[in-house]
Amino acid sequence: MPRILKGFLIDADYETVEGRALIRLFLRGEEGSFVVYDDSFSPYFYALPGDEPERVKERILASGAAEAIQKVEIEEKRLFGTPRVALRITVSHPQDVPRIRERIRRVEGVDLILEHDILFVRRYLIDRGIKPLTWLRLEVEERDGRALLRGVEQLEEEPPELRVAAVDIEVYNPKGAPRSSKDEIIMISVATSDGVEKVLTWREVQGLEQVEVLQDEKEMLLRFAELIKEGDYDVIVGYNTDSFDFPYIRDRLKKLGISLPLGRLDAELEVSRRGALPEARIRGRAHVDLYPIVRRHVKLNSYVLESVVEELLGIKKEKLDGERLFTYWDEGGEKRALLARYALEDARVTLALAEKFLPLYCELSTIVGQSLNDVARMTSGQLVEWLLMRYATPRGELIPNHPAGEEYAARARATYAGGYVREPKRGLVEHIAVFDFRSLYPSIIVSHNIDPSTLIVGNCEENRAPELEYCFSLEREGFIPAILKELIRRRAEIKRELKRSEGDRRRTLSFAEKALKILANSFYGYMGYPRARWYRRECAESVAAFARMYIKQVMRIAEEEFKLEVVYGDTDSLFVVIPPEKRELAQKFLQKVNESMPGIIELEFEGFYRRGLFVTKKRYALLSEDGKMVVKGLEFVRRDWAPIARETQKEVLRILLEEADPEKAARLVRDVIERIRQRRVSLEDITIYTQLTKRIKSYKSLEPHVVAAQKLKERGREVAPGMIIGYIITKGTKGISQRATPVEFARLEDYDPEYYIDNQILPAIQRIFEAIGYTRDYLKEGITQTSLSRWF
DNA sequence: GATAGCCGGGG
DNA sequence: GTGTACGGCTATC
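Cut-offs used in this document
Residues numbered from 1 in each chain as written. Chains lettered and ligands numbered in written order. Predicted model: local features only at pLDDT ≥ 70, side-chain atom pairs only at ≥ 80, totals over all residues. Heavy atoms only, no water. Buried < 20%, exposed > 50% of the residue type's maximum accessible area, 1.4 Å probe, protein only. Helix = DSSP H or I, 4+ residues; strand = E, 2+ residues; numbered from the N terminus. Polar contact = N/O pair within 3.5 Å; in protein donor to acceptor, adjacent residues only side chain to side chain. Contact = heavy atoms within 4.5 Å. Near = heavy atom within 4 Å. Disulfide = S-S within 2.5 Å. Nonpolar A, V, L, I, M, F, W, Y, C, P; charged D, E, K, R; others polar. Axes fitted to C-alpha atoms, helices over the stretch in contact; angles between N-to-C directions. Parallel < 35°, antiparallel > 145°, perpendicular 65-115°, else oblique. Left-handed = near helix turned anticlockwise from the far one by under 90°. Salt bridge = Lys/Arg side-chain N within 4 Å of Asp/Glu carboxyl O.

### Brief notes about the pairing of strand 23 (residues 573-577)
- Taking burial as the measure, the five residues of strand 23 include five buried ones, the bulk of the element.
- Residues Ser573, Phe575 and Val577 point to one face of strand 23 and Leu574 and Val576 to the other, with burial holding for every one of them.

### Looking at the side chain of Arg411
- You can see Arg411 is positioned in helix 12 (residues 405-413).
- A polar contact of 2.9 Å, which involves the side chain of Arg411, links it to the side chain of Glu407.
- Dropping the residues within four chain positions of it, Arg411 is found in contact with Pro403, Pro530, Arg531, Ala532 and Tyr535.

### Observations regarding the protein's contact with DNA strand B
- What surrounds DNA strand B is a group of 24 residues, the closest being Glu170, Gly176, Ala177, Leu305 and Leu325.
- Backbone atoms, meaning sugar and phosphate, make up 72% of the atoms of DNA strand B lying within 4 Å of the protein.
- For DNA strand B, a phosphate oxygen lies 3.1 Å from a polar atom in the side chain of Asp168.
- Measuring from a phosphate oxygen of DNA strand B, one finds a backbone N or O atom of Leu305 at 2.7 Å.
- Secondary structure elements with two or more residues in the surface near DNA strand B: strand 10 (164-171), helix 6 (290-297) and helix 9 (333-368).
- In terms of residue count, the dominant contributor to the surface near DNA strand B is strand 10 (four residues).

### Comments concerning the state of the cysteines
- Considering all chains together, one arrives at one disulfide under this definition.
- Linked covalently through their sulfurs, Cys460 and Cys471 form a disulfide whose S-S length is 2.2 Å. In this structure, the disulfide formed by Cys460 and Cys471 twists by about 90 degrees around the S-S bond and is classed as right-handed. Linking Cys460 in the loop between strand 20 (455-457) and strand 21 (470-472) with Cys471 in strand 21, this pair joins segments that are 11 residues apart in sequence. Pair check on accessibility: Cys460 and Cys471 agree, each one buried.

### Side note on the protein's contact with DNA strand C
- The full set close to DNA strand C counts 25 residues, and His116, Phe120, Arg273, Tyr529 and Glu703 are the nearest of them.
- Between DNA strand C and Arg101, the relevant distance is 3.4 Å, taken from a phosphate oxygen to a side-chain nitrogen or oxygen of the residue.
- Within the side chain of Tyr529, one N or O atom sits 2.5 Å away from a phosphate oxygen of DNA strand C.
- Put simply, the parts of the chain that give the surface near DNA strand C at least two residues each are helix 2 (97-105), helix 3 (120-128) and strand 15 (270-274).
- Across the surface near DNA strand C, the residue classes tally to 11 nonpolar, five polar and nine charged.

### Some points on the packing of helix 3 against helix 11 (residues 380-395)
- Close contact between helix 3 and helix 11 brings their axes to 8 Å; oriented N to C, the two are set at 50 degrees. With respect to helix 11, the element helix 3 is oriented oblique. Relative to helix 11, helix 3 is oriented so that their crossing is right-handed. Facing helix 3, whose interface residues are Arg122, Arg123, Leu125, Ile126 and Asp127, helix 11 presents Trp386, Met389, Arg390 and Thr393.
- Tallied by class, the residues present in the contact of helix 3 with helix 11 amount to four nonpolar, one polar and four charged.

### A short note on the pattern of salt bridges
- Using the criterion set out here, one finds 79 salt bridges in the structure.
- A salt bridge links Arg438 to Glu602, with the shortest nitrogen-to-oxygen separation between them at 2.6 Å. Of this pair, Arg438 sits in the loop between strand 19 (427-437) and helix 13 (440-447) while Glu602 sits in the loop between helix 17 (584-596) and strand 24 (603-616); the two residues are 164 residues apart in sequence, bridging distant segments of the chain.
- On the basis of relative accessible area, Arg438 is assigned to the partly exposed category, the value being 38%.

Here it is, written out as structure tokens:
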């Protein structure tokens, strides 16, 4: 008797039953999670015959490969748009593919093997058109105690709240770095979306209600798995859990001789390799490591959890000295309680980070059509590729192979010209209007139909890339432009719907919109990405060439037709001078430009700015109408600059932009220089922080922070890789490095004023002042030069 | 300046 | 598991 179930698809995998692969769909229902099985899907790949497909088919069936082959079918497909006859070879089990593929490769008349490396479950999701993190209506039949899938339908309903658990472990580390063969896990902290907060441990901890003390490490680990099972969590998140927490847990389990049913259907924790990095898999749930995700989305100097949460969530969190964590455990009492609180705080902030990034990755998972677990580990190029693969199959397009060996090496060596950057008018500029092209690169791909299948090399005129011998046929819409057009259309539709939505719906839509934007903007990079299946250097090169043509064309219209002064422009943006009384020119200019633009390419007005300071290409600062400073390329936010240098630079920019008073800015600099000389600064103002990335001995060249670390060690301090070393440069005749002193031992009277003036303050502001015609000597000494060129 | 080699996060 | 990262920085020529 068939039954109808409704479930939200979380994860999928397969198990082998009687030699056949059985797909398992893990779903969240309205009342808890459940599993549906599908036995109707078999692995397959393609062989391309040179000609005479019938005869090649016979040879394949006569070859030694025949035993594992279920069937060979002749299909009409396309490869890069060109019709090709392909032999679809169906086998019994995914693991048959590598073996059978190698046999068939050697069969006479087989030119190429395709689609031979597409993981079974991913292939299943593509071919069945099933999208993760959507509601499915499933028709199932009970067989051997399993719900077997007989029919499936995608539903358009609002997603449920996912159940999320954030996890963090603390380990004993008497030797600094923990050794998983010896050092026990001492705490496991968990914070979940349904409000559970726990610190599991196996020694007494005072004064923290969330603590649960177990008998030993083994009992603690088992309790952890029980907690996950009880809460039936869909997503397990952590920070660097792929590389640290779960591999460590795996090692301890091996040591203790137990297994840990962390997954659904009591699946064990598995740690495998994904490229050079490990990947921890918890079947039936999504395991999302937020560390690589944060790295992908935010540019920071450091990705230690403390700086990430401070930057992204505004939460100030204390970092315990990782090297000495074991002492907190050994000492007990207040110290151990502090460690437990630290552990819980880590789980809490990890959960908060998940709330920030998971919605985006859920949308990406649905759009790309692969599981959250997989999508969380994909780069933007891989996201684009899996999206293309999902579209290719129903369109009859064969999926090209990844490049191998020399092919890849040759692609990686190839370079081509990128965007056009106009040399800025250096110095201060009043009344700036900024325009930019909306999604220029995606628009070019669509408008010029840029695709491997439409590329014509040499001897062509129509739709030719500027300065290049490449044209793109307009006869048939290319595969990539067609998909990109669809993404752009959906994004525009969502943007319209966003305007009339609110609450949860609005939140979902805004993340879907963001996901589509990320994907659309990745297509250009994808075509030039050497590992791409649909790589075509000529296409990426042409997109960049068209972009240069358009931005130059717009600059020409501004200068020649509107007599506007163009002060800067980079790739897809344009900065012109428009005084307040002539603001209506902006709209006229926009209209004129857009009349001349083909397809969906469109210039947009970005905003008016009161003033700008242009230093060099890619280095400038703007002051918006509401008084906000926008700084590009100039920020010395790096911690390896002394705070006094960063602050002086910021203040100089502020004075120049807000008051347009270079003399005042110069006075400020001379003031700071004077203060440094007279030692009217604090130690904190002049402390430079650099991370010690390896052991002192492994450094060949002695950089200042390494010398400072050496001095720390000489005076009995523990020093280990990962520490942030704070140091100041003291007076003396030796090199700078030798004069680096740990801030812990430094006194204000020791520092070298000339170092801070010449190597910190002046470099940070020199370029800015040079842009307005001030020399270094003038700033430093106040030397008046009659010939001094001024800033107008 | 080019290129090879190393490193990240975690405790 | 139908598989095997990546981009940025430093060292060194």
